[in-house]
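# Per-entry structural report
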Amino acid sequence: MKRAAVIGGGIVGCHVALECSSRGYETYLLERHARLGQETSTRNSGVLHAGIYYARDSLKARLCVEGNALSRSFFQEHGIEFREAGKFIIARTDAECAEIERLYANAKANGARVEMTTPDKVRDRIPYIHCRAALFSPATAIIETAGYIECMKALLYRNGVTIVAPCTVRAVRGAACDTDRGEVEADIIVNCAGLYADEIANSCGLSGYEVRPLKGDYYATVGIECRVPVYPPPTAHLGTLGVHLTPTFGREVLLGPSETTAQAKDDYQIRTPKQEFSSSLESMVDTAAFSGIELYEGYSGNRPRVYYKGTRCQDFVIIKHPSHVVHLLGIESPGLTAAPAIARHLMTLV
Ligand SMILES: Cc1cc2nc3c(=O)[nH]c(=O)nc-3n(C[C@H](O)[C@H](O)[C@H](O)COP(=O)(O)OP(=O)(O)OC[C@H]3O[C@@H](n4cnc5c(N)ncnc54)[C@H](O)[C@@H]3O)c2cc1C
């Protein structure tokens, strides 16, 4: 029996390990924390994206659209909690109206379902939102990420995957992962180490890639009701999706993520001033309806932005080097959505 070693037990590593074991590999999943999914996979907005934003023909676009469909059937099959929330992208200025027209065309080209809608229709669903035009995405959903990871763990055990955690991979040398718990030899090795994937890549001679974390902080509130995620158009300068309102499975509404500097890959301290979240909220809602809304600190996640020789890679980077090792670099948003599609895609490479 051939053996697969998967480095990193985030949502991508979990799907990759499940796929390897389903295809007959004796599979080892090596995770440096005691539990799976403690880094970016549970420090995000928990949104199943539709594929609106990403450049046509990019891996992000293709794997997001495929991942959206695959995730839905996966969730239904395994009883993972998700909610068909839909999503509005709202435009408040002339420039934003032009931007959502562009997003509409881009989404259509990517095969993502979207509809132009009116401010009245937005207000029918969320009375306090003000905008001049909006895009509605019926294929967007919200996911309960902690439950998703727990379910993945159960499925991995059921499929016979050996989960070794905590276990830090120090380097890949030839056919072996050198770990703090000894060596694990394998016929194929998949590097799903997220923020640390550049270090693993470097250890097997794939140089030039550097992951630089871009922090996203969240605040939260129970002071407003919001059943549908509401996004501004993406921010121009750093290309993130902008501070948005996202409902959770409880009463809380999340506000975030911001864009700020992380002092280290594992810096999860909230560093964005509260004022930034209040201003974002005020730009989307009727302030009269919301005086005195209390915002409190939520959590923080770090986007694993990847650069090649100093230039940012806009797309996911999936590279085989050498022939038995596949590296996944820069799996930032929409990686939560794309995870099952990424796993299938990389099986075509090994
Ligand atoms: C603020 C924010 C918001 C986001 N919102 C969304 C969203 O709404 N929808 C969406 O689709 N995507 C979203 N994303 C992106 C999504 O969260 C990620 O693409 C996805 O979680 C990446 O999963 P992963 O398994 O690659 O990485 P991770 O979850 O980081 O997993 C990597 C794992 O590897 C382990 N590891 C690292 N180094 C080693 C080592 N040497 N040895 C052993 N183990 C190691 C880590 O401990 C970790 O568990 C968001 C991301 C951020 C930061």
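A few points on the structure.

Procedures and definitions
- Residues numbered from 1 in each chain as written.
- Predicted model: local features only at pLDDT ≥ 70, side-chain atom pairs only at ≥ 80, totals over all residues.
- Heavy atoms only, no water.
- Pairing = 2+ DSSP bridges.
- Helix = DSSP H or I, 4+ residues; strand = E, 2+ residues; numbered from the N terminus.
- Near = heavy atom within 4 Å.
- Polar contact = N/O pair within 3.5 Å; in protein donor to acceptor, adjacent residues only side chain to side chain.
- Areas by Shrake-Rupley, 256 points an atom, 1.4 Å probe, with all protein chains shown as cover.
- Nonpolar A, V, L, I, M, F, W, Y, C, P; charged D, E, K, R; others polar.
- Buried < 20%, exposed > 50% of the residue type's maximum accessible area, 1.4 Å probe, protein only.
- Axes fitted to C-alpha atoms, helices over the stretch in contact; angles between N-to-C directions.
- Parallel < 35°, antiparallel > 145°, perpendicular 65-115°, else oblique.
- Left-handed = near helix turned anticlockwise from the far one by under 90°.
- Contact = heavy atoms within 4.5 Å.

## Focus: the pairing of strand 19 (residues 296-308)
Taken together, the eleven bridges between strand 14 (residues 209-221) and strand 19 define a ladder with antiparallel strand orientation. Bridge pairing links Y219 to E297 in strand 19. Looking at chain direction, strand 19 and strand 20 (residues 311-312) are connected through two bridges and run antiparallel. Bridging from a neighbouring strand, Y307 pairs with R312 of strand 20. From the end of strand 19 to the start of strand 20, which pair antiparallel, there are two residues, and K309 there has a positive phi angle of about 45°.

## A few points about the site of the ligand
E31, S41, V47, I331 and T337 are the nearest of the 39 residues found near the ligand. In this structure, I11 approaches the ligand through a main-chain N or O atom, which is 3.2 Å from an oxygen atom. H49 places a polar side-chain atom, nitrogen or oxygen, 3.4 Å from a nitrogen atom of the ligand. For the ligand, the protein covers 97% of the area, taking 1,000 Å² as the surface of the free molecule. Of all the elements in the fold, those that place two or more residues in the shell around the ligand are helix 1 (11-22), strand 19 and helix 8 (335-347). Taken together, the residues of the shell around the ligand sort by class into 16 nonpolar, 17 polar and six charged.

## Considerations on the side chain of S58
Assignment of secondary structure puts S58 in the loop between strand 3 (47-48) and helix 2 (59-78). The exposure class of S58 is buried, given its relative accessible area of 12%. At a separation of 2.5 Å, a polar atom in the side chain of S58 contacts the main-chain carbonyl oxygen of A55.

## Focus: the sheet that holds strand 3
Strand order across the open sheet formed by three strands is 3-8-4, with antiparallel pairing between neighbours. The strands lining the two open edges of the sheet, one partner per strand, are strand 3 and strand 4 (82-83). When strand 4 meets strand 8 (residues 141-143), the two strands line up antiparallel, connected through two bridges. Looking at strand 8, one finds that F82 is bridged to I143.

## A short note on the packing of helix 1 against helix 5 (residues 145-158)
Two measures define how a pair of helices packs: the angle their axes make with one another and the distance between the axes. Two elements in contact, helix 1 and helix 5, have axes whose closest approach is 10 Å; the angle formed by their N-to-C orientations is 25°. Here helix 5 runs roughly parallel to helix 1, going by the angle between their axes. Crossing geometry of helix 1 relative to helix 5 is assigned as left-handed. Contacts from I11, C14, H15, A17 and L18 of helix 1 reach helix 5 at Y148, I149, M152, L155 and L156. Residue classes in the contact of helix 1 with helix 5 are distributed as nine nonpolar, one polar and no charged.

Note that every value here comes from positions in space, so none of it alone points to a role or purpose.
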